[in-house]
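Structure assessment
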Amino acid sequence: MLKLFNTMLVIVTAAILTVGCQSTHHEPQNAIIDKSHTESAPLDYSEQIVGKYWKLIELEGRPVTMTEDQQREIHIKLSAEQSRVSGFAGCNNFFGTYAFEKGMKIKFTELATTMMACPDLEVNEQAFLEVLNLTNNYTLYKDTLQLNIGKRAPLAVFKAVYFE
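This one's a predicted model, so the numbers in the text were calculated from it and none came from an experiment.

Take unusual backbone geometry next. Unlike most non-glycine residues, Ser-83 shows phi in positive territory, near 50°. Mapping Ser-83 onto the fold places it in the loop between β3 (75–79) and β4 (84–88). On the basis of relative accessibility, which here comes to 28%, the residue Ser-83 falls in the partly exposed class. A positive phi angle, close to 55°, is found at Lys-142, a residue other than glycine. You can call Lys-142 partly exposed: its relative accessible area is 45%.

This is how it looks when you write it as structure tokens:
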């Protein structure tokens, strides 16, 4: 009888451990997880980027804050209509087009700016526009968008801003 009890105890313990060790991991909504090491293609969250106002908070590893000489904050907005990108680069408005490709790839093209002169401006508008030209992929986690080139550190980091 004791042998039967011990055998049953081992079977029940093994069953509990097997069920308890099975993965119930679910990716959080709005999270991008790097799956480049797996066989499946990375997820595409492009629909969560379009139509939002993205405020620049970091450029090439340095925090970005508005200075006294700026009219408004640096930002981008992607519009679904004709795949247009527009925004403010620190002194001038800019506009152009964008294209998403499979695997969280993005490319900005045909970028142009207004031609206002801002001699006392502390913001390096050209550096910001160059980042857009270099970008070839993005990462999205909740309300934070990163524009990247290859697998390097982010070129630019943006926060979604919601207006009431």
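Time to look at the pairing of β4. In this structure, β3 lies alongside β4, joined through 5 bridges in antiparallel fashion. Along β4, the bridge assignment pairs Leu-78 with Val-85. In sequence, β3 turns back onto β4 through a hairpin of 4 residues, with Gln-82 there showing a positive phi of about 60°. Between β4 and strand β5 (residues 93–101), which follow one another and run antiparallel, lie 4 residues, and Gly-90 among them has a positive phi close to 120°.

The topology assignment puts Thr-135 in the loop between α2 (125–134) and β7 (137–141). Thr-135 sits in the buried class, given a relative accessible area of 0%. Only 2.8 Å separates the side chain of Thr-135 from the backbone oxygen of Val-131, close enough to count as a polar contact. Leaving out residues up to four positions away in the same chain, Thr-135 has contacts with Ile-106, Lys-107, Phe-108, Leu-147, Asn-148 and Leu-155.

Turning our eyes to something else, we now look at the pairing of β3. One ladder, built from 3 bridges, connects strand β1 (residues 53–59) with β3; its direction is antiparallel. Its bridge partner lying in β3, Trp-54 is registered against Ile-76.

A word on α2. Where α2 is concerned, the buried positions are Glu-125, Ala-127, Phe-128, Leu-129, Val-131 and Leu-132. Looking at where α2 begins, the residue whose side-chain oxygen comes 3.2 Å from the main-chain nitrogen of Gln-126 is Asn-124.

Right, let's talk about the pattern of salt bridges for a bit. Applying the stated criterion to the full structure yields 2 salt bridges. Measuring nitrogen to oxygen at the nearest pair gives 3.7 Å for the salt bridge that ties Glu-73 to Lys-55. One end of the pair, Glu-73, is in the loop between β2 (62–63) and β3; the other, Lys-55, is in strand β1, and 18 residues separate them in sequence. With a closest N to O distance of 3.9 Å, Glu-60 and Arg-62 form a salt bridge. Overall, the relative accessible area of 38% leaves Glu-60 in the partly exposed class. Classification of Arg-62 as exposed rests on a relative accessible area of 52%.

Reading the values: the criteria
- Residues numbered from 1 in each chain as written.
- Predicted model: local features only at pLDDT ≥ 70, side-chain atom pairs only at ≥ 80, totals over all residues.
- Heavy atoms only, no water.
- Helix = DSSP H or I, 4+ residues; strand = E, 2+ residues; numbered from the N terminus.
- Buried < 20%, exposed > 50% of the residue type's maximum accessible area, 1.4 Å probe, protein only.
- Pairing = 2+ DSSP bridges.
- Polar contact = N/O pair within 3.5 Å; in protein donor to acceptor, adjacent residues only side chain to side chain.
- Contact = heavy atoms within 4.5 Å.
- Salt bridge = Lys/Arg side-chain N within 4 Å of Asp/Glu carboxyl O.

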